[in-house]
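Listed below are the residues making up each chain.
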Amino acid sequence: MNSDKVGSLLHLYEDGAFDRRELIRRLTGYTGSVAAATAIAESAGFAQGTQSCLDSIRVAENDESIVAEDVTIHGEGGPCSRIR
């Protein structure tokens, strides 16, 4: 495994060149396994989900761009409804 190339990938990810899924895919090419790639990403401080959501982003409950509706899923045991 080439640590310079791995370091470069981590740096590119941190700069926003690609998402975490792409980072793991590329690291897997160098490490040979998804487990090793994930371990490298986590040891570098890129734990799953840390870059996907910012705490400072808020959406008002009554925001008109949010669409919500009741859903019924029909399965073998009968319908299952989820009411908001």
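Our subject is the structure listed above.
Residues numbered from 1 in each chain as written. Predicted model: local features only at pLDDT ≥ 70, side-chain atom pairs only at ≥ 80, totals over all residues. Heavy atoms only, no water.

Draft legend 1. Inspection of helix α3 (residues 34-43) at higher detail. Among all positions in α3, only Ala37, Ile40 and Ala41 are buried. Each buried residue of α3 lies within a common arc of 95° when the element is viewed along its axis, so the set occupies one face. Of the exposed residues in α3, those oriented more than 90 degrees away from the buried face are Ala35 and Ser43. In this structure, the buried side of α3 is in contact with α1 (3-14) and α2 (20-31). A positive backbone phi angle near 95° is found at Gly45, which sits one or two residues after α3. (Buried < 20%, exposed > 50% of the residue type's maximum accessible area, 1.4 Å probe, protein only. Helix = DSSP H or I, 4+ residues; strand = E, 2+ residues; numbered from the N terminus. Arc of directions from axis to C-beta. Contact = heavy atoms within 4.5 Å.)

Draft legend 2. Molecular detail of the environment of Ala39. Turning to its location among the elements, Ala39 is positioned in helix α3. A relative accessible area of 42% places Ala39 in the partly exposed class. Considered as a pair, Ala39 and Ile24 are 15 residues apart in the sequence and their alpha carbons are 9.7 Å apart.

Draft legend 3. Quick look at the environment of Arg25. You can see Arg25 is positioned in helix α2. Considered as a pair, Arg25 and Ala37 are twelve residues apart in the sequence and their alpha carbons are 8.0 Å apart.

Draft legend 4. Examining the nonpolar core more closely. Counting residues in each nonpolar core, the largest one holds twelve residues, listed as Val6, Leu9, Leu10, Tyr13, Phe18, Leu23, Ile24, Leu27, Ala37, Ile40, Ala41 and Phe46. Elements supplying a minimum of two residues to this core: α1, α2 and α3. With four residues, α1 is the single largest residue contributor to this core. (Core = buried A, V, L, I, M, F, W, Y, C linked by side-chain atoms within 4.5 Å.)

Draft legend 5. Expanded view of a nonpolar patch on the surface. A cluster of nonpolar residues, Ile57, Val59 and Ile66, forms a patch on the protein surface that exposes about 290 Å² of accessible area. Mapped onto the elements, Ile66 comes out in the loop between α3 and β1 (71-75). (Patch = residues over 30% accessible without salt bridge, like charges linked within 9 Å, V, L, I, M, F, W, Y side chains within 5 Å. Areas by Shrake-Rupley, 256 points an atom, 1.4 Å probe, with all protein chains shown as cover. Salt bridge = Lys/Arg side-chain N within 4 Å of Asp/Glu carboxyl O.)

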